[in-house]
Each structure stands twice: as C-alpha cells, then as structure tokens.
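Given next are the chains, with one letter for each unit.
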Amino acid sequence: MTTPSFNPQGYGDVEVYAERIDDDAPASIALIAADDTANTSNTTDADEPIDAPAPIATADFPEGQWRAHLTIPLPAAGEQQDTARYALLAHNARIGVAYLSGRDDILDAGVRWVWPVPTTDDPMTSGRASVHFQPVARWMNDPNGLCYFQGRYHAFYQYNPFGWQWDQMHWGHAVSRDLMHWTDLPIAFDPQPRLYQDRHVTGGAFSGSAIPVDEQGVPCPGDEASALVAFFTRDITRKDGTESVRDEWQVRAISHDGVTFGPERCIVSRHDGDSVDGFSINFRDSKVEAVLDADGAVRYNTLAVATNLPVDGPTAPPAAAIALFRTDGPCVTGDDWRYCGPGLLDSSHPGTASLECPDYFTLDGVDVACGSLMFYKDPQGRYEPVGWYAGRFDDHGLVHPEHKGYCDYGSAWYASQTFLERKAGSERRIQIGWIPDWHGIRTETPNGVNGALTLPRELHMRDGRLVVAPVKEVYDLALGDTLADGECSEEPGDITVAGNAWYAKLTDLEGNVRMTIAREGERAMILTRTDHTVRISTHGAPTDGIDFDLDVPDAHTIEVFYDHGIVEVFANGNAATLLFGDDRADGEVVVPSGGHLTVRELRL
C-alpha cells in the first residue's frame, strides 16, 4: 500500500509518475508520515479504505486523466527534517517512478529515487550494467540531446517511466563531468497532455538533439554558452487495430539552467517541403548541427529529419531519406528554417522505412551522414543496423556518397547520436548509441531496467572510412585492477572475474585465434580472428545464425568490454555491440588460443 519510507533532507518536492487503475474512480497519491516498517506494495484497490495516518499532503489525478505527473511539496526544512520519514500512499493508482527534486543544487545532487528502490525482496541488481548508463528502472531507448554545456555532459534519452516496454515517450535526463559517472536529473519532457487523457493514442516526446548557444542564440562552445536549445519531435498516433494515423512535427525549447525548459515552439511541420503530399508518415528525430567556417564561426545551421521520399516521382517506391532544413543565419533560436531538399536518399537497402535518428556533420574534412535503417535486415541477418555515408555536401545536402558502411557491426546498436565537443581549444566528435534487445535476450523483472547506452566513442574519418574507438575517459576511469597479463599459452584456462564486468585486450594476433567471450550452460558467444576478418557467433542463443562480421582484415589487436552481458568489441576501428543475457554475480574470461592477453576489471 505504501512505498518504502524516505527522508527528504535538502529536497523540496517529490515528483510522481503514476497511472490510474479504475478509470471510473478517483485516484490520488498521498504523502504520509512513515517509518521503516512500511511495506512496498504501491497500489490499492479503488474501493479499499485507506488505513493509514492522515495525509500530510495529497495530489489528486486530474479529472479524465489515466496517467499523471504529480508534484507534492515536502514539509519545509526545520529541526525535524533530519530525522522525519515519509512514504507515498497510492490510492487507485500504480506508481511507475517517483523521485525527490526541488533543490537549487540539483545538477550536483541529482534526484533521489523514492520508487523503485532496492529492497530485500527485489535488490534490483540482477543484470544491471556496471559502466554502461542505465536509468533506475523501466524502459529506455534512443539517446537524445547529447551535448557539452557549462561544464557538464548532458544525456537525454527516450524513457517510459511506467513499464518494461516502449510506451508513451518522455525525455529522461542525466549529466556527467567525465562521460562515465552520471547523475540522474528530473524528467525533462512529458508526453502531450492528450496522451495522459486518452488510452487510445500514443506517441509523446520523440527523439531529438540539443545545442549550446550564446546570448544571441548562436551555437558556441559549451563553456561559453548561456542557454541550451533542445529540438525534438512531437508525435501523436492513434491505433484502432486496422490502421495507424500519425502526425509528427518538430519543436524547439530553450533552457537557461540545463534542467528546466521554457515553452515549446513548432518550427517545422510534416506538411512543409515540396513533396506532393508533404513528407511521409515517418517525419521525426530532428538533429541540429552548426556548420562552421575555417575559423570556427557559425556559417549556418542544419536540421536533419528522418523520413522517406519518392526517388523517381510520386508513384515510385519511396527511399529512406534524410530531409534537410537550414537557417541562413547563424542563430538556431529563430523560426526561419527552410527546406533544402533530401540530404540523403538511400534506396540500396530495400525494405528500409526511414533513416531514423539521422545525423549530419563534417569530420576530419569529410562530410558525413548517419541513419538507422528502420525495419531493414541485412543479408548477414543483422536487424536495423546504423549506416554511415561519406562524401561532399552541397546546398542541397549529401547527394553522392563516395563511401559507406555500418557504425556498428553487431545486433545491439541503434539510434546513435553524435555531438561536437568544443572546449579548451580542442574538438572531438563523440558518439553514443542505444543498446536495444531485438531478440528478446533480457529477462523482465518487476523493477528491472530494459535498455542501456553504449560506451562513448570518438569518431574519425581515415582513408574514406569511419573509424571508432572508446573515448579516453573509458580507459582512464573504467578500467580497474589487472587480473592477467601474459602470453595466452602461459595463462590458465579461465580467469574468474568478481562482479562479471571485465576488459580484455588481445595483442600480437596472427593467424587463426579463437576466444570464448561468454558461456553459460549450453549458451556461448565466440570471437574468431583470421587473417581475413573478425567474426562473432553465438550458440544456443536467439542470435544464432547471424554472421557478425566486423569487416576488418588482419586485426592484430582486439578489445572486448564485457558488462553483465553487454558486449562491445573493437578491432581496427570497427566495432560490434551485442547482448548475451547474463545475470551471474561473477563472470569468467576464457583464455584465447593465441596472442597476448591483458584482463582488467571493469568498474566505476
């Protein structure tokens, strides 16, 4: 009937995301005095009397809403606040998440979670990552709004605070000083109010980007910025069992403190542009990028939107596309975005519905576009890989890609986003992806988390090829004690790793080398190196039969990051991200058949 008790020291509010159980009965969340004996059930039947202390404060669901975001003020600071304990009581409601907020130093302190929290019956540790970012619980997907702003990295992300699966979309939010240690902040954007009122529609705050700007609204390095501008898609979709009716439009919102955002303004509609009937039903995931001159000044700004467009007239099959908009001036805070044309058309991947979560930037003097191949399965069996395309931009975008490939060659990488970090006279292009579970590998638990972000990667273009590697902070901060270091022929058969998170570096590789990345019972994940390529295969898993070829010949060094079943492999500038599904408390590293092996703990 109540959440576990908590002490609110230093916080002014408790925010609650909850859903009504019986639509025909009132619903509320009450703040009550409590002690540590409070049980952890968080629902009551609609007609069940509340047998609890008198509420200190109550927040009622608005009439007609089946879901609600409620904020309850906490008692003012006083002599008793150090020891007073409270709990939340849900009447005819089910709490998804609840957290303490409302303090001036929230960027440093972060929110404090009230529900869910670890308990004896549900420790909430099974399968959780050690160094990959995850929210406290529930569902997450695409990284959004990645940027560096006023001394902190910001990572927003698609979030469903109500359950294990995708649902109405919110923007979760976290910040970091070093790209590895993350502090949870209040949820930044909720779905449109209509979605909380009508069970027959879905959508919400879909994916987008953010960019730091100066007082005139001109993009600038994050440490010089006075505001953060977020661009994202608002989506509303009605499903009646036979068809789906969707509308999507791009909005802008501005924050001066990096936490709260002002009013939203629509800047681009799906019906803008020069196609016969406007853009396709897929028209989303706005990515804004400042185009700089040789001196680092802003020439103009681009806004890339995922869609599909006809290639040879309105009756021809559409191609996955990036629609490109731009401003003629350097400011992103204006309303003069105009359609330039298709930034990219890709008809080479049949069955692709859209290039979701598009990206559009210049890297090492080469113009690059990226897009997630929605619904596409490649000949090797990979589902929805993320493609990159390199060439030259003109006023209408990237028209003739000269080179292309995959950003990641595994099966658990999607919706990646990059941002340009500019500080202390240096620049680097950083990319983070979402780790999805297309194959049903994760095991659902009542308060578990479904989804994670990849390790941050630094990107470069070399000899017409996109080259990726973990950022230096991964090596500086996440690698712990050395557990083994020597020639494989001299190491024991396996190395036990307490905590089931480890880093392995294989060097001096020649000829055929085999390494068992993970094994549990009849299941296994195997890495094979030959002079021609690096491959990963699974046995006894849903990914069996998929050929995870990293498309790299003659790899003499391979790195493996293993984090409770999240696997990231790097070789010759290519990468593969996969899921194994592993909730063991301790793991093991099986010594490869050749080369030199270094094993270190992976922890923060």
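Residues numbered from 1 in each chain as written. Predicted model: local features only at pLDDT ≥ 70, side-chain atom pairs only at ≥ 80, totals over all residues. Heavy atoms only, no water.

Caption draft 1: The overall build of the protein, seen in detail. When helices and strands are tallied, the protein shows three helices and 43 strands. Against the compact-globule benchmark of 25 Å for 604 residues, the protein has a radius of gyration of 25 Å, which places it among compact chains. Summarising its shape, the C-alpha atoms of the protein cover approximately 75 × 65 × 55 Å along the three principal directions. Expressed as a percentage of its 604 residues, the buried residues of the protein come to 60%. Counting contacts in the protein only where the partners sit at least 6 residues apart, residues at least 24 apart contribute 64% of the total. When the accessible surface of the protein is totalled, it reaches about 23,500 Å², and 47% of it is carbon and sulfur. Side-chain charges of the protein comprise 46 positive and 92 negative groups, with the mean position of each set lying 2 Å from the other. (Helix = DSSP H or I, 4+ residues; strand = E, 2+ residues; numbered from the N terminus. Rg over C-alpha atoms; globule rule 2.2 N^0.38 Å. Buried < 20%, exposed > 50% of the residue type's maximum accessible area, 1.4 Å probe, protein only. Contact = heavy atoms within 4.5 Å. Areas by Shrake-Rupley, 256 points an atom, 1.4 Å probe, with all protein chains shown as cover. Lys, Arg positive; Asp, Glu negative; His and termini not counted. Charge placed at Lys NZ, Arg CZ, Asp CG, Glu CD.)

Caption draft 2: Highlighting the state of the cysteines. For the structure on display, the rule yields zero disulfides. Not engaged in a disulfide, the cysteine Cys357 finds its nearest cysteine sulfur in Cys370; these two sulfurs lie 11 Å apart. Accessibility expressed as a relative area gives 8% for Cys357, which makes it buried. (Disulfide = S-S within 2.5 Å.)

Caption draft 3: Examining the nonpolar core more closely. Counting 90 residues, the largest nonpolar core has Ile29, Leu88 and Ile95 as the members making the most contacts within it. Broken down by element, the residue count for this core peaks at six residues, all from strand 6 (residues 93–101). Counting residues in hydrophobic clusters, the runner-up holds 47 residues, among them Tyr406, Ala555, Val569 and Leu578. (Core = buried A, V, L, I, M, F, W, Y, C linked by side-chain atoms within 4.5 Å.)

Caption draft 4: Molecular detail of the sheet that holds strand 21 (residues 366–373). Reading across the sheet, the four strands line up as 20-21-22-25 and stay open at both edges, with antiparallel pairing between neighbours. Each edge of the open sheet is held by one strand with a lone partner, namely strand 20 (355–363) and strand 25 (403–406). Strand-to-strand twist across the sheet, computed as the mean angle between neighbouring axes with direction ignored, equals 15°. Taken together, the four bridges between strand 22 (residues 386–391) and strand 25 define a ladder with antiparallel strand orientation. (Pairing = 2+ DSSP bridges. Axes fitted to C-alpha atoms, helices over the stretch in contact; angles between N-to-C directions.)

Caption draft 5: Representation of the pattern of salt bridges. The final tally for this structure, using the stated rule, is 36 salt bridges. When the shortest N-O distance is used, the salt bridge between Lys472 and Asp476 registers 2.6 Å. Residue Lys472 and its partner Asp476 are both found in helix 3 (residues 472–478); the two are separated by four residues, about one turn of the helix. The network of salt bridges with shared partners includes Asp235, Arg246, Glu248, Arg284 and Glu356. (Salt bridge = Lys/Arg side-chain N within 4 Å of Asp/Glu carboxyl O.)

Caption draft 6: Seen up close, the sheet that holds strand 28 (residues 449–450). As summarised here, the arrangement of the five strands in space is 11-10-9-8-28, forming an open sheet in which the pairing is mixed. Both outer strands of the open sheet, strand 11 (182–184) and strand 28, are each paired with one neighbouring strand and no more. Both strand 9 (residues 152–160) and strand 10 (residues 170–176) contribute to a ladder of seven bridges, which runs antiparallel. Bridge pairing in strand 10 places His154 opposite Val175.

Caption draft 7: A look at the pairing of strand 35 (residues 513–520). Direction of pairing for strand 35 relative to strand 36 (residues 523–529): antiparallel, over a ladder of seven bridges. Looking across to strand 36, one finds that Met515 is bridged to Leu527. From the end of strand 35 to the start of strand 36, which pair antiparallel, there are two residues, and Gly521 there has a positive phi angle of about 60°.

Caption draft 8: Examining the confidence of the model for the protein more closely. When the pLDDT values of the protein are averaged, the result is 92; 92% of them are 70 or greater. Here residues 46–50 scores under 50 on pLDDT; set against residues more than four positions off or in separate chains, the count is eight contacts. (pLDDT = per-residue confidence, 0-100.)

Caption draft 9: Broad picture of unusual backbone geometry. A cis geometry characterises the amide bond from Trp115 onward to Pro116, with omega recorded as -5°. One non-glycine residue, Asp285, lies in the positive phi region at around 70°. Not every positive phi belongs to a glycine, and Phe375 is a case in point at roughly 70°. Within the secondary structure, Phe375 sits in the loop between strand 21 and strand 22.

Caption draft 10: Spotlight on the environment of Leu477. Secondary-structure assignment places Leu477 in helix 3. Residue classification places Leu477 among the partly exposed residues on the basis of a relative accessible area of 27%. Each C-alpha atom, one on Leu477 and one on Cys407, is 24 Å from the other, the two residues being 70 residues apart in sequence. When neighbours within four sequence positions are excluded, Leu477 is seen to be in contact with Asp178, Met180, His181, Arg603 and Leu604.

Caption draft 11: Region of interest: the packing of aromatic side chains. According to the stated counting rule, one finds 33 aromatic pairs in the structure shown. Each ring, one from Phe279 and one from Tyr339, has its centre 5.0 Å from the other, and the planes form 80°; the classification is edge-to-face. Pair noted here: Phe279 is in the loop between strand 15 (265–269) and strand 16 (284–292) and Tyr339 is in strand 19 (residues 338–346), with a separation of 60 residues, a long-range link. Across this residue pair, the class does not change: Phe279 and Tyr339 are buried. With a centroid separation of 5.2 Å and 15° between ring planes, the pair formed by Trp502 and Tyr562 is classed as stacked. Placement of the pair is Trp502 in strand 34 (residues 501–507) and Tyr562 in strand 39 (residues 558–563), with a sequence separation of 60 residues. Here Trp502 and Tyr562 have matching classes, each one buried. Members of the aromatic cluster, connected to one another through ring pairs, are Trp139, Tyr383, Tyr414, Trp434 and Trp438. The ring of Phe162 carries the charged tip of Arg67 above its face, separated from the ring centre by 4.1 Å. Sitting above the plane of the Tyr11 ring, Arg103 keeps its charged end 4.6 Å from the centroid. (Phe/Tyr/Trp six-rings, centres within 6.5 Å; stacked < 30°, edge-to-face > 60°. Lys NZ or Arg CZ within 6 Å of the ring centre and 35° of its normal.)

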